[in-house]
Amino acid sequence: MAVNWFALENDIKAILKNPQWDDGHIGPVLVRLAWHASGTYSKKDNTGGSDGATMRFNPESSDGANAGLEKARAMLEPLKQKHPNVSRADLWTLAGVVAIEAMQGPRTPWYPGRTDKEKPKTAEIPPNGRLPDASQGSSHIRDVFYRMGFNDRDIVALSGAHTLGRCHTDRSGYTGPWTNTPTRFSNQYFKLLVNETWTKKEWNGPLQYEDSSKELMMLPTDMALIWDAKFKPIVEEYAADKELFFKDFAAAFGKLLELGVKRPAAKL
Ligand code: CCH
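Predicted, not measured: the structure shown is a model, and the values here were computed from it.

A. Focus on the packing of helix α2 (residues 27–38) against helix α3 (residues 69–82). Between α2 and α3, the least distance of the axes is 9 Å, while the angle of their chain directions is 105°. Here α2 lies roughly perpendicular to α3, going by the angle between them. Note on element contacts: α3 touches α2 through Leu69, Ala72 and Arg73, opposite Val29, Leu30, Arg32, Leu33 and His36. A breakdown of the residues in the contact of α2 with α3 according to their chemical character gives 5 nonpolar, 1 polar and 2 charged.

Here's what the structure looks like:
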């Protein structure tokens, strides 16, 4: 039986606002789930990516980079039960798309057709360490995103998702939001990177940066975008032109969600 995509999207929209969750909204963590499910892709051997919904299995489920995402997956599970014909791989990626649009972002091109692996062989589950390490710099970011098939412009555009959500000491070890509007998709992240003065936060946690109000944060990988001579002009473009950022983000995020999907290539 076919999935009623219209009803499913409406059901996703209906669970986004949640007073029990950070900032009253689960959209940001759903975007992170869609990204981490997809960002394990390696173009070298065409492994990883969202197809298979392999994040349910070890070692991917216990990758430190995925800490906290079990909660996001659990929040989507009732929708899987209500729409049994949707694969979790489609549900997790679509939820990220619906969340961004509901938070006033662009509509990302998205296509169904992923299937769930029920008993994946070890080789079918991406190993730990494929997702970026926030403590590192631009050469690491390039290694990770070039492995997926992205270029510098895509990397900067995708990083703009950090306009949403926040860091948690019990998940990544970092703390705080990047912007004052963590549930509204915008180019605020780029504006802050360009216009704020960022200094090292003095605390016992991992190295992160704070703005002059001490309420907002940047990871070392975020700072790398303005310290790198090739990334910086792209950050400045997006800081100055929200529409351009939205257009480039939607294209790059759409490409991310397609990585490794085993069906006839979707038209992007
Ligand atoms: Fe990210 N991200 N991300 N990120 N991320 C974190 C949270 C979010 C990195 C590290 C972190 C992307 C790229 C990178 C989101 C979307 C995207 C956290 C905090 C770390 C650390 C996790 C916690 O403690 O809860 C690094 C490193 C990179 C690249 O180098 C990309 C690409 C995307 C999407 C397109 C979103 C959204 C969040 C907020 C999650 C939440 O729970 O609020």
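Moving on from the coordinates now.
B. Looking closely at the domain arrangement of the protein. The domain architecture assigned to the protein consists of domain 1 (5–128 + 252–258) and domain 2 (138–249). Each of domain 1 and domain 2 has a C-alpha centre, and these two points are 21 Å apart. Listed by partner, the interface residues are 23 residues for domain 1 and 21 residues for domain 2. Those elements that place two or more of their residues in the side of domain 1 that touches domain 2 are α2 and α10 (242–258). In terms of residue count, the dominant contributor to the side of domain 1 that touches domain 2 is α2 (6 residues). Considering only residue class, the side of domain 1 that touches domain 2 consists of 12 nonpolar, 7 polar and 4 charged.

C. Representation of unusual backbone geometry within the structure. Across the junction of Asn58 and Pro59, the peptide omega takes the value 5°, indicating a cis bond. Structurally, the position occupied by Pro59 is in the loop between α2 and α3. Although it is not a glycine, Asp23 sits at a positive phi angle of roughly 50°.

D. Molecular detail of the packing of helix α1 (residues 5–16) against helix α4 (residues 88–102). Packing of α1 against α4 brings their axes to within 10 Å, and their N-to-C directions diverge by 60°. Put simply, α1 runs oblique to α4. The two elements α1 and α4 cross, and the hand of that crossing is right-handed. In this structure, α1 uses Glu9, Ile12, Lys13 and Leu16 to contact α4, whose residues at the interface are Leu94, Ala95, Val98, Ala99 and Ala102.

E. Molecular detail of the environment of Glu9. Take Glu9: it is sitting in helix α1. Under the C-beta neighbour-count criterion, Glu9 is labelled partly exposed, with 16 such atoms within 10 Å. Remark: the alpha-carbon pair of Glu9 and Gly149, spanning 140 residues in sequence, is separated by 29 Å.

F. Focus on the site of the ligand. Inspection of the region around the ligand gives 25 residues, with Pro28, Pro132, Ala161, Gly165 and Ser172 positioned closest. Contributing elements (two or more residues each) for the shell around the ligand: α2, α6 (152–159) and β1 (166–167). Counting residues per element, the shell around the ligand draws most heavily on α2, at 5 residues. Grouping the constituent residues of the shell around the ligand by class yields 14 nonpolar, 7 polar and 4 charged. Two domains each provide a minimum of three residues to the shell around the ligand, namely domain 1 (5–128 + 252–258) and domain 2 (138–249).

What counts, and where the lines are drawn
Residues numbered from 1 in each chain as written. Predicted model: local features only at pLDDT ≥ 70, side-chain atom pairs only at ≥ 80, totals over all residues. Axes fitted to C-alpha atoms, helices over the stretch in contact; angles between N-to-C directions. Helix = DSSP H or I, 4+ residues; strand = E, 2+ residues; numbered from the N terminus. Parallel < 35°, antiparallel > 145°, perpendicular 65-115°, else oblique. Contact = placed C-beta atoms within 7 Å. Nonpolar A, V, L, I, M, F, W, Y, C, P; charged D, E, K, R; others polar. Domains from an automatic or database assignment. Left-handed = near helix turned anticlockwise from the far one by under 90°. Buried ≥ 20, exposed ≤ 12 C-beta atoms within 10 Å, placed from the backbone. Near = placed C-beta within 6 Å.

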